[in-house]
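Understanding the architecture of this molecule
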Amino acid sequence: MGHGERTVLMVVHTGRQAALDAARAAVARLNAAGVGVRVLAGEAPELETDAQVFPPVAHHRPKSEALRAAVPMGIGAADDVELVVVLGGDGTVLRGAEIARAAGIPLLGVNLGRVGFLAEAEYEDLTMVVDRIVARDYVVEERMTIDVEVSLDGQTLDRSWALNEASVEKYSRERMVEVLVSIDGRPLSKWGCDGVIFATPTGSTAYNFSAGGPIVWPDVDALLLVPISAHALFARPLVVSPNSMLALELQPNGDDPASKGAVMWCDGRRVLDLPHGARVEVRRGALPVRFARLHRAPFTDRLVAKFALPVDGWRAEK
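All chains use their own residue numbering, which begins from 1 and follows the written sequence. The model is predicted, so local features are restricted to residues of pLDDT at least 70 and side-chain atom pairs to those at 80 or more, both for listing and for counting; the totals for chains, interfaces and linings are taken over all residues. Only hydrogens and water are set aside; all other atoms, that is, all heavy atoms of the structure, feed into the side-chain values.

Some remarks on the environment of Leu-309
Mapped onto the elements of the fold, Leu-309 is located in the segment after α7 (299-307). What Leu-309 contacts, discounting residues up to four positions off in sequence, is Leu-303 and Val-304. Under the DSSP-based scheme used, a helix requires at least four consecutive residues in state H or I and a strand at least two consecutive residues in state E, with every element numbered from the N terminus. By definition, residues are in contact when any of their heavy atoms lie within 4.5 Å.

What to know about the packing of helix α1 (residues 17-32) against helix α5 (residues 126-134)
Every axis in this analysis is a line fitted to C-alpha atoms, fitted for helices over the stretch in contact. Angles between the N-to-C directions lie between 0 and 180 degrees. The contact between α1 and α5 brings their axes to 10 Å, and the two run at 35°. Crossing handedness for the pair α1 and α5: right-handed. From α1, Ala-22, Ala-25, Ala-26, Arg-29 and Leu-30 reach across to α5, where they touch Leu-126, Thr-127, Val-130, Asp-131, Ile-133 and Val-134. In the scheme used here, Gly and all other residues not listed as nonpolar or charged are polar, with Ala, Val, Leu, Ile, Met, Phe, Trp, Tyr, Cys and Pro taken as nonpolar and Asp, Glu, Lys and Arg as charged. Classifying every residue of the contact of α1 with α5 by side-chain character gives eight nonpolar, one polar and two charged. What makes a crossing left-handed is the near helix being turned counterclockwise from the far one by less than a right angle; a clockwise turn instead makes it right-handed.

Digging into the pairing of strand β1 (residues 7-12)
Burial within β1 is extensive, with six of its six residues counted as buried. On β1, burial covers both faces: Thr-7, Leu-9 and Val-11 on one face and Val-8, Met-10 and Val-12 on the other are all buried. Bridge count for β1 against strand β2 (residues 36-40) is four bridges, and the pairing is parallel. Residue Leu-9 lies in a different strand from β2, and its bridge partner there is Arg-38. Classification remark: right-handed applies to a crossover when, strands pointing away from the viewer, the course from the first strand over the helix to the second runs clockwise. Of the crossover connections in this fold, the one passing from β1 over α1 to the parallel β2 is right-handed. In short, DSSP must find at least two bridges between two strands for them to pair. As defined by bridge partners, β1 adjoins strand β4 (residues 83-88) across five bridges and the pair is classed as parallel. Note that in β4 the partner of Met-10 across the bridge is Val-85. Burial classification: accessible surface area is computed with a 1.4 Å probe over protein chains only, and a residue below 20% of its type maximum counts as buried, one above 50% as exposed, and the rest as partly exposed.

Some details on helix α4 (residues 90-103)
With 14 residues, α4 extends 20 Å between its outermost C-alpha atoms, agreeing within 8% with the 20 Å of an ideal straight helix rising 1.5 Å per residue. Burial in α4 covers these residues: Thr-92, Val-93, Leu-94, Gly-96, Ala-97, Glu-98, Ile-99, Ala-100 and Arg-101. Looking one or two places after α4, you find Gly-104, whose phi comes out positive at around 70°. One less than the residue count of a helix, multiplied by 1.5 Å, gives the span that helix is expected to have.

Observations concerning the sheet that holds strand β17 (residues 260-266)
Ordered in space as β15-β14-β13-β10-β17-β18, the six strands form an open sheet in which the pairing is antiparallel. Two strands in the sheet have a free side with no partner beyond their single neighbour: β15 (238-240) and β18 (270-275). Neighbour-to-neighbour, the strand axes of this sheet turn through a mean angle of 20°, independent of strand direction.

Laid out in structure tokens, this is it:
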């Protein structure tokens, strides 16, 4: 390896100059401290760095579209790496999470976006971040994921997973989807709606939040189910046991049975078309995503900082 035995993998939002500058600075500082840095081949040209370039792995690309997306090009890039370091916004962190989760390696995000909930540090902290990596001065926290299976007439069509959420959304703007939701094998309700979000506590501040779902503290284990614009009296966000199985059945379309019923996005990255009659099952994920944490800041403080919440006038309890 040329830099001793220690290596980190760096995933970078190459479309942003700040990220490129930060990456070059971080690579130089890590190398100087004897830590090797690996970057993905697709990002290497923009980075113009002397980091080890990881070539794309072609040989274990699964056949299905969704699984191909879930097993990204850089999947072997994390072999014998101790940390995946992400420079970018939450979208880039979600991309890094695909690699980190498959390899069981902790991920550390440095936020260069606007509201970054998944990142652990901000751009200004980069020097401190590098020093902490070098000193191995971080704790690892596991975040729950969800596993998603799509079937039609008992035949599995596809499988995927999500760290934030799996959202089932109507395919065409002018027509609602009709879904029947069940929990633990028992029917709950049928909704005409724009879609349904299945989220984790980590995802509670993402799409779930925008759709009016509850914010759930990350140390709570739960599955969230949020109907989007449902035409129904009973269409409230639900917080369910992490051991439950949530299911959604896309009702058949009498007018046009062959038409696409809905589309499912996992973390806004992996997409699946759902035919009418499809069944989506959501369970707690078998593999968590492991996050490297530098700060033990209470989640309340993170919320206040990210949403710029008004807390003036608060006096600390004696």
